[in-house]
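Structural overview for review
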Amino acid sequence: MTKVLVTGGAGYIGSITTRTLLDSGYECVVLDTLERGWKEAVDPRARMVVGSVGSREAVADALDGCDAVIHMAGYIEVAESQRIPDVYFRVNAVEPAVLLAEMLRRGVRALVFSSTAAVYGEPDRVPIAEDDPTEPVNAYGASKLAFERRIVEAEQEGLRAVRFRYFNVAGAMPDASLGEAHDPETHIIPRLLSALRDDAEHLEIFGREFPTRDGTCVRDYLHVCDLADAHIRGVEHLLDGGAGAVFNLGNGVGFSNLEVVEACRRVTGREAEVIFGPPRPGDPAVLVASSDRARDVLGWQPARTSIDEIVEDAWRWHLARPTGYR
Ligand SMILES: NC(=O)c1ccc[n+]([C@@H]2O[C@H](COP(=O)([O-])OP(=O)(O)OC[C@H]3O[C@@H](n4cnc5c(N)ncnc54)[C@H](O)[C@@H]3O)[C@@H](O)[C@H]2O)c1
């Protein structure tokens, strides 16, 4: 049976990817410090190793018998990364170099890396393609790009890697068993849903004078289950002998902040007035990725493209687990 190590497998995307791998017949090991993830989110069929991707001992234990690695561990908050850029660089770029070295030492050569579309910074054009310039505008994006560069170096030594770049991930397992439980939560859909669930009077949106169809920012949203599917296709591609590459993953359709609010109101049946705050510095008007390469090479395409479907699954999770995994 093919055995896959998922680093960060106790986090939001990692826990759902682990569950999906197990349901697809893979054997799984999860390596996570649990500092930002939840033991309860790890499927009991997976072997759990509590430890860091920066610990040789923990990595060696977790890698034992593995055929491939999906690396999702790391820190993900843009604003926090601006406050403590050195920590982000250490956690996202330096510590996982231990993982790369240990993979090469053991001959585990297939790596799927969860990068981010934040590596592109403010794009010159949309939809963004994989060969467009990478000029991150925050420390989070810079730290992920720094690790991509380490991967490229390791490819000279025989590693083969799929690097996925994506924007906003949302939704939950359709049965509401696993979902997003960040603390603090900075992502727009869970924030809006929490506010509606708690009968807040206002929903805040940043900026209303962007050159978009309704003046609010347009972003790409991907259902977490479509993302899990892409990661499994990335593993299969590498284990079938496919070449390493960068792939953007997106819905192909952008939704404006107001459209997301409307979807949240429709799905929840609850109302709250929208108030507009000032635009956040460095927030581009439109961020949408072209996923043509992932479609052509991996045969991947998102199955859940309507914003209502994404919000419906997130809402079901919110109602089932109002305090997340606590
Ligand atoms: N959530 C999104 O919208 C989004 C968008 C683009 C890219 N990504 C990328 O996807 C990945 C997963 O994101 P997420 O939303 O699931 O984040 P998450 O915070 O829910 O999960 C990350 C997990 O990594 C663990 N971790 C942190 N440092 C570690 C270390 N040194 N060693 C081992 N484990 C460690 C945390 O405990 C946590 O469980 C991240 O790499 C992120 O950069 C996420």
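Below is a short write-up of the structure. (Residues numbered from 1 in each chain as written. Predicted model: local features only at pLDDT ≥ 70, side-chain atom pairs only at ≥ 80, totals over all residues.)

Some thoughts on the pairing of strand β4 (residues 68–71)
Residues A68 and I70 of β4 are buried on one face, and the alternating residues V69 and H71, pointing to the opposite face, are buried as well. Here four bridges tie strand β1 (residues 3–7) to β4, and the two strands are oriented parallel to one another. Its bridge partner being in β4, V4 is matched across the sheet by A68. Direction of pairing for β4 relative to strand β5 (residues 110–114): parallel, over a ladder of four bridges. Across the sheet, the residue bridging to A68 is A110, located in β5. (Buried ≥ 20, exposed ≤ 12 C-beta atoms within 10 Å, placed from the backbone. Helix = DSSP H or I, 4+ residues; strand = E, 2+ residues; numbered from the N terminus. Pairing = 2+ DSSP bridges.)

Observations concerning the pairing of strand β12 (residues 273–277)
In terms of burial, β12 is largely open, as just zero of its five residues are buried. Across five bridges, the pairing between strand β8 (residues 202–206) and β12 is parallel. Looking across to β12, one finds that E204 is bridged to I275.

Things to note about the site of the ligand
Residues in contact with the ligand amount to 30 residues; listed here are only the nearest, G8, G11, I13, G37 and A73. Considering each element in turn, the shell around the ligand owes the most residues, three residues, to helix α1 (residues 12–23). Residues belonging to the shell around the ligand are distributed by class as follows: 12 nonpolar, 13 polar and five charged. (Near = placed C-beta within 6 Å. Nonpolar A, V, L, I, M, F, W, Y, C, P; charged D, E, K, R; others polar.)

What to know about helix α7 (residues 188–197)
Because each turn of an α-helix spans 3.6 residues, side chains separated by three or four positions in sequence point in the same direction. Among the residues of α7, those classed as buried are I188, I189, P190, L192, L193 and L196. Downstream of α7 by a residue or two, D199 has a phi angle that is positive, lying close to 55 degrees.

Considering the packing of α7 against helix α11 (residues 307–320)
One way to put it is that α7 packs onto α11 with a least axis distance of 10 Å and a crossing angle of 50 degrees. Here α11 runs oblique to α7, going by the angle between their axes. Of the two possible hands of crossing, α7 and α11 adopt the one that is right-handed. For the pair α7 and α11, contact is made by I189, P190, L193, S194 and R197 and by V311, A314, W315 and H318, respectively. The residue makeup of the contact of α7 with α11, split by class, is six nonpolar, two polar and one charged. (Axes fitted to C-alpha atoms, helices over the stretch in contact; angles between N-to-C directions. Parallel < 35°, antiparallel > 145°, perpendicular 65-115°, else oblique. Left-handed = near helix turned anticlockwise from the far one by under 90°. Contact = placed C-beta atoms within 7 Å.)

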